[in-house]
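# Coordinates in review
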Amino acid sequence: MLCIAGLPGSGKSTVSGVLAEMGFRVFVMGDYVRAEAGRMGVSTDEAATRLRVMYGSRAVAKLTLGDVAKFKGGRVAIEGLRSREEYEAFREALGDVRLIFIVASLKTRFSRLASRGRPDDPRDPLDLMVRDYRELAFGLANLISLADYIIVNEGLSIDELRDKVRMIVREVYGD
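Residues numbered from 1 in each chain as written. Predicted model: local features only at pLDDT ≥ 70, side-chain atom pairs only at ≥ 80, totals over all residues. Heavy atoms only, no water.

## Considering the environment of Pro-119
As for its placement among the helices and strands, Pro-119 is situated in the loop between helix 6 (106-114) and helix 7 (125-138). For Pro-119, a relative accessible area of 88% gives the class exposed. Each C-alpha atom, one on Pro-119 and one on Gly-73, is 35 Å from the other, the two residues being 46 residues apart in sequence. (Helix = DSSP H or I, 4+ residues; strand = E, 2+ residues; numbered from the N terminus. Buried < 20%, exposed > 50% of the residue type's maximum accessible area, 1.4 Å probe, protein only.)

Next comes the structure, spelled out in structure tokens:
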């Protein structure tokens, strides 16, 4: 199984899209947070924090694992890990987990997010830095030391990024 981590706008969704094209079933942890935000009637930022404060640092991983456990057969990728605890939850439940960490500069990430069009996207670079701070407080920075692969997604074309992802899949799965 592959897990994908990185700061907002680093390219996690793009990598997940490439994996989906390759036949992976992709589970996006942010989708679970957005669903809970709707149920709670709060922003996604607030829901992400509330879930972890109320139910512990593995809360979003547990929500995700509920659906992953129902999926039988095929390759799985999970996008959006935010902490070592989430990574450990996936390893304990699923065994062999490989972590891909995606990095990009603040300027590049803001540009990507500004054009994405989600309600929770930052209005200016300071908004993004505040969001980065929150996600780093969850423990995201600790994941880079656990990463099996690091992709610097700065100035890459989609084809170059696709090639890097394919190379990782070949190395992990031998095809």
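## What about the packing of aromatic side chains?
For the structure shown, the criterion picks out two aromatic pairs. Ring plane angle 70° and centroid distance 5.7 Å describe the contact between Phe-24 and Tyr-173, whose orientation is recorded as edge-to-face. One end of the pair, Phe-24, is in the loop between helix 1 (12-21) and strand 2 (25-28); the other, Tyr-173, is in helix 9 (residues 158-173), and 149 residues separate them in sequence. On the basis of an interplanar angle of 75° and a centroid distance of 6.3 Å, the ring pair of Phe-27 and Phe-71 is categorised as edge-to-face. A residue pair is termed long-range when its members are at least 10 positions apart, and Phe-27 in strand 2 and Phe-71 in the loop between helix 4 (59-68) and strand 3 (76-81) qualify at 44 residues. Given the relative accessible area of 3%, Phe-27 is considered buried. Its relative accessible area of 29% is what places Phe-71 among the partly exposed residues. Arg-52 extends its terminal NZ or CZ atom over the ring of Phe-138, reaching a point 4.3 Å from the ring centre. (Phe/Tyr/Trp six-rings, centres within 6.5 Å; stacked < 30°, edge-to-face > 60°. Lys NZ or Arg CZ within 6 Å of the ring centre and 35° of its normal.)

## Looking at the layout of surface pockets
Unoccupied space between atoms shows up once a probe the size of one water molecule is rolled over them. Taken as a whole, the largest pocket spans an internal volume of roughly 570 Å³. Taken together, 35 residues form the lining of the largest pocket, with Lys-12, Glu-79, Arg-116, Arg-118 and Arg-131 sitting closest to its centre. Sorting the residues of the lining of the largest pocket by element identifies helix 1, helix 2 (29-40), helix 3 (44-55), strand 3, helix 6, helix 7 and helix 9 as the ones contributing at least two each. Approximately 190 Å³ is the volume attributed to the second largest pocket. Forming the walls of the second largest pocket are Asp-45, Pro-119, Asp-120, Asp-121, Pro-122, Arg-123, Asp-127, Val-130, Arg-131 and Arg-134. Of the residues that constitute the lining of the second largest pocket, the class distribution is three nonpolar, no polar and seven charged. (1 Å grid on protein atoms, 1.4 Å probe; cavity = no way out; pocket = protein on both sides within 12 Å on 5 of 7 lines; lining within 4 Å. Points joined across faces, edges and corners; volume = space filled by probe spheres on them. Nonpolar A, V, L, I, M, F, W, Y, C, P; charged D, E, K, R; others polar.)

## Overview of the pairing of strand 5 (residues 149-152)
Every other side chain in a regular strand lies on the same face of the sheet, so the side chains alternate between the two faces. Along strand 5, the buried face is formed by Tyr-149 and Ile-151; none of Ile-150 and Val-152, which line the opposite face, is buried. Note: strand 4 (residues 98-103) against strand 5, four bridges, orientation parallel. Among the inter-strand pairings, Ile-100 is bridged to a residue of strand 5, identified as Tyr-149. (Pairing = 2+ DSSP bridges.)

## Observations concerning the side chain of Arg-109
Mapping Arg-109 onto the fold places it in helix 6. What Arg-109 contacts, discounting residues up to four positions off in sequence, is Leu-7, Pro-8, Gly-9, Ser-10, Ala-104, Leu-128 and Asp-132. (Contact = heavy atoms within 4.5 Å.)

## A few points about a nonpolar patch on the surface
On the surface, a nonpolar cluster with roughly 360 Å² of combined accessible area is contributed by Val-53, Met-54 and Tyr-55. Here Val-53 is to be found in helix 3. Given a relative accessible area of 66%, Val-53 falls into the exposed group. (Patch = residues over 30% accessible without salt bridge, like charges linked within 9 Å, V, L, I, M, F, W, Y side chains within 5 Å. Areas by Shrake-Rupley, 256 points an atom, 1.4 Å probe, with all protein chains shown as cover. Salt bridge = Lys/Arg side-chain N within 4 Å of Asp/Glu carboxyl O.)

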